[in-house]
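Secondary and tertiary structure notes
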Amino acid sequence: MSNDGILSDPNLFSEALFEIMKSISSGMNELELYEFRYGLAELLPEGGWQTIRLERREQVEQRVNSRAFYDSIQIKPVLGDRIVLDAAIIQLSQMLFVGLVTGAYPPAWVAGHFYFDMRSFFFLHRTTYFTEKVLAHLGGEPYRRFARKQEALEPLHQVGYKAFREANAEVDGLFIQSVMKLIARRGTPILLALAGATAAGKTEIVERMGAAFKQAKRRTTSIELDNFFTDRDDREARGIDSQGKEALHFDLLTRALQDITQGKKIITPRYNFLDGSSSHDPDGRLKPGRVPVEVEPADIIFIEGNFPFLIDEIVHLIGIKVVYLTDDPIRLKRKWKRDIDYRKKYDLAYLRNRYFKDQFVMAQVAYIPQMEVCDMVVDTTGAALWTTPEIARQLDQA
Amino acid sequence: MDISPREFSKALFERIQAIEPAAQGLVLNEFCYALDDLHPEEGWDSIHPDTPEEVARTIRQRSFFEAVQVKRRENDRIVLDKSILHLTRMLFAGLVRGAYSAAWVKKLFYFDVRGFIFLPRTTYLTDAVVHHFGGKAFKSFEPRQNAFERVQDLGFRDFQEANAEIDGFFIEVVKKIISIQGTPILITLAGPSAAGKTEITERLIGSFEQLQKTTTTIEMDNFLFDRDLREDKPMGRETTHFNLFKQSLQDILQGKRITIPRYNFNTTSSSHDPQGRLKPGCSPLVIEPADIIFLEGNFPFHMDEIASLIGIKIVYLTDDPVRLKRKWKRDIDYRKKYDPTYFRNRYFKTQFLRADDIYLPLLEKADMLVDTTGAALWLTPAVAARLDGS
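This structure is a prediction, so every number in the text was calculated from the model and none was measured. (Residues numbered from 1 in each chain as written. Chains lettered and ligands numbered in written order. Predicted model: local features only at pLDDT ≥ 70, side-chain atom pairs only at ≥ 80, totals over all residues.)

**A look at the overall build of chain B**
Within chain B, the secondary structure is distributed over 16 helices and 15 strands. Relative to the compact-globule value of 21 Å for 390 residues, chain B shows a C-alpha radius of gyration of 23 Å, a close match. Seen through its C-alpha atoms, chain B measures out along the principal axes to roughly 75 × 50 × 35 Å. For chain B, the residues scored as buried account for 38% of the 390 residues in total. Taking as baseline every contact in chain B between residues at least 6 positions apart, the subset at least 24 positions apart corresponds to 76%. (Helix = DSSP H or I, 4+ residues; strand = E, 2+ residues; numbered from the N terminus. Rg over C-alpha atoms; globule rule 2.2 N^0.38 Å. Buried ≥ 20, exposed ≤ 12 C-beta atoms within 10 Å, placed from the backbone. Contact = placed C-beta atoms within 7 Å.)

**Describing the overall build of chain A**
In terms of helices and strands, chain A carries 17 helices and 15 strands. Taking 398 residues into account, the globule formula puts the C-alpha radius of gyration at 21 Å, and chain A, at 23 Å, falls close to it. Burial status across chain A gives 40% buried among its 398 residues. Taking the intrachain contacts of chain A between residues at least 6 apart in sequence as the baseline, contacts between residues at least 24 apart amount to 75%.

**Overview of the interface of chain A and chain B**
Listed per partner, the contact involves 20 residues of chain A and 19 residues of chain B. For the side of chain A that touches chain B, the element with the highest residue contribution is helix H3 (residues 33-40) of chain A, accounting for four residues.

**Re the sheet that holds strand S7 (residues 220-224) of chain A**
All names here are of chain A. Read across the sheet, seven strands follow the order S5-S15-S14-S13-S6-S12-S7 without closing on themselves; strand pairing throughout is mixed. Sheet topology places strand S5 (144-145) and S7 at the edges, where each strand pairs with a single neighbour. Note: strand S13 (residues 320-325) against strand S14 (residues 376-379), four bridges, orientation parallel. The partner of Leu325 across the bridge, within S14, is Asp379. (Pairing = 2+ DSSP bridges.)

**Things to note about the packing of helix H10 (residues 169-186) of chain A against helix H11 (residues 202-215) of chain A**
All names here are of chain A. At a minimum axis distance of 11 Å, the contact between H10 and H11 shows a crossing angle of 50 degrees. Relative to H11, the element H10 lies oblique. Where H10 crosses over H11, the two elements pack in a sense that is right-handed. Taking contact as the criterion, the partners of Asp172, Ile176 and Val179 in H10 are, on H11, Ile205, Arg208, Met209 and Ala212. Within the contact of H10 with H11, the residues separate by chemical class into five nonpolar, no polar and two charged. (Axes fitted to C-alpha atoms, helices over the stretch in contact; angles between N-to-C directions. Parallel < 35°, antiparallel > 145°, perpendicular 65-115°, else oblique. Left-handed = near helix turned anticlockwise from the far one by under 90°. Nonpolar A, V, L, I, M, F, W, Y, C, P; charged D, E, K, R; others polar.)

**A few points about the pairing of strand S15 (residues 376-379) of chain B**
All names here are of chain B. Burial along S15 is two-sided: Ala376 and Trp378 facing one way and Leu377 and Leu379 facing the other are all buried. Where strand S5 (residues 139-140) and S15 come together, two bridges link them in antiparallel fashion. Pairing of Ser140 across the sheet is with Ala376, part of S15. Summarising the sheet, strand S14 (residues 368-371) and S15 pair through four bridges and their orientation is antiparallel. The residue bridging Val370 from the neighbouring strand is Leu377, located in S15. Where S14 folds back on S15, the antiparallel hairpin that results is connected by four residues, among which Ala375 adopts a positive phi of roughly 50 degrees.

**A word on the environment of Arg148 of chain A**
Residue and element names in this part refer to chain A. Its place among the elements puts Arg148 in the loop between S5 and helix H9 (161-167). By the C-beta count within 10 Å, which is 15 here, Arg148 ends up partly exposed. Distance from Arg148 to Leu192, taken between C-alpha atoms, is 26 Å for residues 44 residues apart in sequence. Setting aside residues up to four positions removed in sequence, Arg148 forms contacts with Gly382 and Ala383.

**Considering the environment of Ala108 of chain A**
Secondary-structure assignment places Ala108 of chain A in helix H7 (residues 107-113). Residue classification places Ala108 of chain A among the exposed positions, given that 10 C-beta atoms sit within 10 Å.

**What to know about the pairing of S14 of chain B**
Residues and elements named next belong to chain B. Because side chains alternate across S14, one face comprises the buried residues Met368 and Val370, and the other comprises Leu369 and Asp371, equally buried. Sheet topology places strand S13 (residues 312-317) next to S14; four bridges connect them, and they run parallel. Among the inter-strand pairings, Val315 is bridged to a residue of S14, identified as Leu369.

**Section: helix H10 (residues 197-210) of chain B**
Each turn of an α-helix holds 3.6 residues, which means side chains three or four residues apart point in the same direction. Residues and elements named next belong to chain B. Spanning 14 residues, H10 covers 20 Å between terminal C-alpha atoms, matching the ideal 20 Å at 1.5 Å per step. Buried residues of H10: Ile200, Leu204 and Phe208, and no others. Within H10, the buried residues cover an arc of 80 degrees as seen down the axis, which keeps them to one side. Seen from the buried face of H10, the exposed residues on the opposite side, beyond 90 degrees, are Glu202, Gly206, Glu209 and Gln210. Packing partners of the buried residues in H10 comprise helix H9 (164-181), strand S7 (215-219), strand S12 (292-296) and S13. Immediately downstream of H10, the backbone of Gln212 shows phi near 65 degrees, a positive value. (Expected span 1.5 Å × (residues − 1). Arc of directions from axis to C-beta.)

**A few points about the nonpolar core**
Core analysis: the largest hydrophobic core is formed by 61 residues, its most contacted members being Leu192, Ala193, Val322, Val323, Val377 and Val378 of chain A. If near-sequence neighbours (up to four positions away) are discounted, Val378 of chain A is found in contact with Val171, Phe175, Val322, Tyr324, Leu325 and Leu385 of chain A. Judged by nonpolar contacts, the second largest core, of 53 residues, contains Val173, Met220, Leu224 and Ile292 of chain B. (Core = buried A, V, L, I, M, F, W, Y, C linked by C-beta atoms within 7 Å.)

**Digging into helix H6 (residues 87-102) of chain A**
Residue and element names in this part refer to chain A. The end-to-end C-alpha distance of H6, which contains 16 residues, comes to 22 Å, matching closely the 22 Å that a straight helix rising 1.5 Å per residue would cover. Of all the residues in H6, the buried ones are Ile89, Leu92, Ser93, Gln94, Leu96, Phe97, Val98, Gly99, Leu100 and Val101. Where H6 is buried, its residues contact helix H1 (3-7), helix H2 (10-24), H7, strand S3 (114-117), strand S4 (122-125) and helix H16 (348-371). Gly103 sits one or two residues past H6 and shows a positive phi near 90 degrees.

**Quick word on the sheet that holds S15 of chain B**
Residue and element names in this part refer to chain B. With respect to topology, seven strands assemble into an open sheet ordered S5-S15-S14-S13-S6-S12-S7, the strand pairing being mixed. What marks the edges here is a single partner per strand, and that holds for S5 and S7. In this sheet, S12 lies alongside strand S6 (residues 185-190) in parallel orientation, the contact comprising four bridges. The partner of Leu186 across the bridge, within S12, is Ile293.

**So, unusual backbone geometry**
In this structure, Pro189 of chain A follows Thr188 of chain A across a cis peptide bond, with omega equal to -5 degrees. By secondary structure assignment, the location of Pro189 of chain A is in the loop between H10 and strand S6 (190-195). Even without glycine at this site, Asn75 of chain B takes up a positive phi of about 50 degrees. Locating Asn75 of chain B in the fold gives a position in the loop between strand S1 (73-74) and strand S2 (77-78). Positioned with a positive phi, Asp76 of chain B is a non-glycine residue whose angle comes to about 75 degrees. Among the secondary structure elements, Asp76 of chain B is positioned in the loop between S1 and S2.

**Here we look at the confidence of the model for chain B**
Predicted coordinates in regions of low pLDDT should not be interpreted in detail. Mean pLDDT for chain B: 93, with 98% of residues reaching 70 or above. Here the predicted complex carries an ipTM of 0.84, next to a pTM of 0.89. (pLDDT = per-residue confidence, 0-100.)

**Let's talk about the packing of helix H15 (residues 328-342) of chain A against H16 of chain A**
All names here are of chain A. One can describe the packing of H15 onto H16 by two numbers: an axis separation of 12 Å at closest approach and a directional angle of 150 degrees. The orientation of H15 with respect to H16, classified from their angle, is roughly antiparallel. Remark: the crossing between H15 and H16 carries right-handed chirality. Mapping the contact onto sequence places Asp328, Leu332, Lys335, Asp339 and Ile340 in H15 and Leu348, Leu351, Tyr355 and Gln359 in H16. For the contact of H15 with H16, the class distribution of residues is five nonpolar, one polar and three charged.

Here's what the structure looks like:
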């Protein structure tokens, strides 16, 4: 059958595509053709597959690696009374589908640059977190690597806590041990900053570390960087984004970190995400009627947030800087289970648009830059603990 | 009783795991995420469970389900209907405080983990239905669908594999009846959404084709009047081209080609006026004669004038909890057809109303019931006798 014949017959097209997709995405194997067609229906071009124009591979690669492409993704485009998928996201997957069926795009090339998320039913770009610069900073190879048990999660359409925790048991265990060694060497109080993308598993690992420290008779507490945000209205009026120190009650933050590392109880602002207001005014004074957050002194103080060590002025106060990394496909499967199936937090199209966009943008502005300056990376998907050569030396001496 | 929200969640999680094996796949954190959505503003102490008798009475009342609002919005989002929310909260609170026993809850309700709500169980095999089918199943197999109790959503393949024995036996029985009754023959196969109608119909057609029999399908929706003329009345004599319908069935049973109205779902109008005349500019549907003619749709085939024309009246049934798990996978995960909360409201509501309006009356008139969840085939004594006599 010629390509023209296949492209103009949606049934033949979906049958051919289904066969190829099975070799690209192991999650496909549990589907029957008719289920595949249900998923595909949303991406069926109005004028048929023959209307899809293919770009050259180099063009595609260039596009999916450019910040402008992701900036242009709309996360809430509305058609009628429904949020729909962004047009560029649809177009990318349509192109890849047609290229796979006609043979213009080899499966290996597609699988090398993209992953297919079963629940989203579209392709997303693969992010390279371990850039050359990151690798150089972390001494070129991991401190320790285990069997990659997350591979067993690949055929799943969504991932729950149990399976995730079990897959990470070894690398998580070594990570906690290593942190304890470093703390024994450096003394307390100590600030431990943990950066990680949404659904990477930050909350769970912090809970486990908390339990481990408690067993060792150490007191722990945590500081949420988000609580230091200034009023949203004020930030928007001044045109600043939510990433730099300008967005924060920065003097209060610096003083709080200094005080708590000296064993003092601290009082921090409290940010209300619902109305975007801080308990403190722009000059750092508590607003009437508002309640700040009180943090008791502790031995180990966790700092959680997206950007805990991107602010140069406070980096020197942080004792241990960790990036907790889980690959994009696994995080997305966790979000389906957690944020959609359990929490029912987002519209389905909104989640997909937003993840497609944020995955790239956040890697570039937050996680890769922090990997370049951190002490340790826990790569749960690679089942590897990475450290700087200096930290590796300290761990080996202990 | 003063109990902290965390203690409440822990206690509830244990009770729910005992009631619903699929919840055993969760850890407490996940359970709490889902529970957050249902947390009462004034705490669990503000929930006062009705007595078990009151609850049992409520869920038998049609008006309770009719009042469910499927698309009410708050802050731009569709929200869970108030009475669904209240029922689940009451059951949660009653389970934790011991006002309801787990066994009682499990008998009257099932808990859908994806939906995170309790739904009343429907009894399809009522005394009247069991009596209609002569008191016992014609044949039963091992109920392999029991394994689905542990999953939160269900794909096509697992469903098909679990039903392999009962489906295979059902197809053989249908073939045998056709060989006894001869062709042309009309077959209706009714069943609730996601019971598996489409798949089993495809398999039936495949097996008839192997026997060199021709098949065709008549979509009963094509006989509907324009929506404006139906005023939301159920499908019946007043809302359909009834005479055309009856005549068409009689004709095709005599091996004639038939010309029938065409209903357009986009414009919600029929190609024919209420007097049965083709409207100018409209084209009817032409259906060629065939050996086996499937009538598709939920037309009330229990109406006597029609029932006498139909060779085999089948109800294909899958229990509500399993259908719901299939719909999560098919209609939400793959098709993304509905807002998940709209979907929960609607399933809760229609599960009861459709059973009451359509399936229970149909079951009392059907020749055959395929109960995929019970892995059993039920035949009326008359049909069973004809089969045994052959």
